[in-house]
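# Structural description and commentary
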Amino acid sequence: MHKKGGVTKVHYKGQGGAKSSDHPEDFIIIVESGEDVKQWREDKTKPLTDVVESFDVFVTHKHGNQGQMDRASKGQLEAEFGTSKDVDVVSKILEAGNIIEGSNKESKGMTNVSNGGGSVRE
């Protein structure tokens, strides 16, 4: 599972299939870890269920790996990948996508010393 709340994604920049709009979509899947993706790329016998959190594919409405994530429609998947079969789409995204490691949002020291309560000593 994810370490301390970080989320790891694989981002696939769409190429714009024959049926898609002029501006390709960005596709995202959530994975267990970047290391799992790398292992799967080396050894495709590793079960996909050990690599991905779910077989849901998300789009960010052309906002890269940021932006609001909504589930991709069957039409969006067929236009880009030629299929809407989840295993095939997820496999293609894992093969060609970029791994985006999640960041830990925990506090790392004082971020706003003007808030009071803290003092700086030299």
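Residues numbered from 1 in each chain as written. Predicted model: local features only at pLDDT ≥ 70, side-chain atom pairs only at ≥ 80, totals over all residues. Heavy atoms only, no water.

## Things to note about the sheet that holds strand β1 (residues 8-13)
Where we set the bar: Paired strands, in this sense, are two strands between which DSSP finds at least two bridges. Runs of H or I in DSSP of at least four residues are treated as helices and runs of E of at least two as strands, each being numbered from the N terminus. When checking whether two residues touch, look at their non-hydrogen atoms; a contact exists if any pair is within 4.5 Å. Inter-axis angles, ranging from 0 to 180 degrees, are taken between N-to-C directions of lines fitted to C-alpha atoms, where helices are fitted over the stretch in contact.
If you trace the 5 strands from one edge of the open sheet to the other, you get β4-β3-β2-β1-β5, paired in antiparallel fashion. With partners counted over all chains shown, the strands left at the sheet margins are β4 (70-71) and β5 (98-100), one partner each. When β1 meets strand β2 (residues 26-31), the two strands line up antiparallel, connected through 6 bridges. Looking at the pairing, Y12 lines up with F27 of β2. Strands in contact with helix α1 (residues 34-42) are β1, β2 and β5; relative to β5, the strand with the most contacts, it is inclined by about 160°. The sheet contacts of helix α2 (residues 74-81) involve β1, β2, β3 (58-59) and β4, and relative to β2 the element is tilted by about 105°.

## A few points about the environment of L77
Note that L77 resides in helix α2. A C-alpha to C-alpha distance of 10.0 Å links L77 and G14, two positions 63 residues apart in sequence.

## Let's talk about the pattern of salt bridges
Keep this limit in mind: Think of a salt bridge as a Lys or Arg side-chain nitrogen and an Asp or Glu carboxyl oxygen that are within 4 Å of each other. Relative accessibility thresholds used throughout: buried, under 20% of the residue-type maximum; exposed, over 50%; partly exposed, between the two (1.4 Å probe, protein chains only).
Under the definition given, this model contains 3 salt bridges. The salt bridge partner of D26 is K13, with a shortest N-O separation of 3.5 Å. Of the two residues, D26 is situated in strand β2 and K13 in strand β1; the sequence distance between them amounts to 13 residues. With relative accessibility at 0%, the residue D26 sits in the buried group. Put simply, D36 and K46 hold a salt bridge, and the shortest N to O gap is 3.6 Å. In this pair, D36 sits in helix α1 while K46 sits in the loop between α1 and β3, placing the two residues 10 residues apart along the sequence. D36 gets classed as buried once you look at its relative accessible area, which sits at 16%.

## Describing the pairing of β2
Among the 6 residues in β2, 6 count as buried, and that is most of the element. Of the two faces of β2, the one carrying D26, I28 and I30 and the one carrying F27, I29 and V31 are both buried.

## So, the confidence of the model for the chain
Note the cut-off: Per-residue confidence from the predictor is reported as pLDDT, which spans 0 to 100.
Taken over all residues, the pLDDT of the chain has a mean of 81, while the share at 70 or more is 72%. The least confident element of the chain, judged by mean pLDDT, is α2 at 92; the most confident is helix α3 (residues 86-96) at 97. For the stretch residues 104-114, pLDDT sits under 50, and the model shows 3 contacts to residues farther than four places along the chain or on other chains. Note on residues 118-122: pLDDT under 50 across the span, and 1 contact to partners over four residues away in sequence or across chains.

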